[in-house]
Amino acid sequence: MTSIAVIGSGKIGGGLAKKWAAKGHAVTFGARSPSKPALVELAEQIGAKRDDIEGAARHSEIVLFAIPGNEMAETLSRLGSLLNDKLVVDAANNVSAEHMHSAVAVADAAPGAAYCRAFSCYGWEQIERPDFDGTQADGFYCGPDGAPRVTIEQLIADVGFRPVRVGGSEDVDVVDGLLRLWFTMVMKHGHSRRLAFKVLEERS
């Protein structure tokens, strides 16, 4: 069992928390208002704890960010060294900025954190149902190799995706390119939001 702080309880954060709690992980929602009725109801529904953002991060091994991307810099500055030696999972998308990810902000706030970009390529619908008529959608991510890779791939699999590592943290913009593709297909060309991607590889 892994302890996970979920910062953000909307459709992405709440959906991931629900899946992880069902797999036996210890989930704590971190919020500015942990006693907010909607959050109390959600936490009780899935068996999660509630705390302020700092408390949730302090007592968890993994910290997932699923808040609006334009709130990441301020939130990270508040947490700072609390994130060192933790796996930080960035699912926040700052769609109006030059970079949608917060890799640099995480490195500045907590140089000792292991940064992963994951759960950022799709809408909430795929987190809720990652299966497409018997075909498992791929969950793309980037991050360090070794122990962080083992952990994030297990978390991705626990949600129901097939984990696909794009590369290390230096490849974060490649992962974000998949979100741009998803936006183009769905928002510009009118495809269903129930759209996901699959890597097909022929091995000799």
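Above this note sits the structure.
This is a predicted model, so every value here is computed, not measured. (Residues numbered from 1 in each chain as written. Predicted model: local features only at pLDDT ≥ 70, side-chain atom pairs only at ≥ 80, totals over all residues. Heavy atoms only, no water.)

*Asks:* So, helix α4 (residues 72–79): which residues are in play, and what are the values?
*Replies:* Along α4, the residues that are buried comprise M72, T75, L76 and L79. Seen along its axis, α4 keeps its buried residues to an arc of 95 degrees; they face one direction. Facing away from the buried side of α4, by more than 90 degrees, are the exposed residues A73 and S77. Those residues of α4 that are buried are in contact with α3 (53–58), β4 (62–65), β5 (87–90) and α5 (103–109). Of the residues trailing α4, G80 is marked for its positive phi of about 50 degrees. (Buried < 20%, exposed > 50% of the residue type's maximum accessible area, 1.4 Å probe, protein only. Helix = DSSP H or I, 4+ residues; strand = E, 2+ residues; numbered from the N terminus. Arc of directions from axis to C-beta. Contact = heavy atoms within 4.5 Å.)

*Asks:* Kindly report on the sheet that holds strand β9 (residues 138–142), identifying the contributing residues and their values.
*Replies:* If you trace the eight strands from one edge of the open sheet to the other, you get β3-β2-β1-β4-β5-β6-β9-β10, paired in mixed fashion. At either end of the open sheet lies a strand with only one pairing partner, and these are β3 (49–51) and β10 (162–167). Within this sheet the neighbouring strands show an average axis-to-axis angle of 25 degrees, counted without direction. (Pairing = 2+ DSSP bridges. Axes fitted to C-alpha atoms, helices over the stretch in contact; angles between N-to-C directions.)

*Asks:* Tell me about the pattern of salt bridges, and please be specific about residues and values.
*Replies:* With the rule as written, the count across this model stands at eleven salt bridges. Note that D90 and R117 form a salt bridge whose closest N and O atoms lie 3.4 Å from each other. Of this pair, D90 sits in strand β5 while R117 sits in strand β6 (residues 114–118); the two residues are 27 residues apart in sequence, bridging distant segments of the chain. Neither residue differs from the other here; D90 and R117 are each classed as buried. Close ionic contact of E153 with R149 constitutes a salt bridge, the shortest N to O distance being 3.3 Å. On the criterion of helical spacing, the pair formed by E153 and R149 is a turn pair, its members being four residues apart in helix α7 (residues 147–159). For E153, a relative accessible area of 24% gives the class partly exposed. (Salt bridge = Lys/Arg side-chain N within 4 Å of Asp/Glu carboxyl O.)

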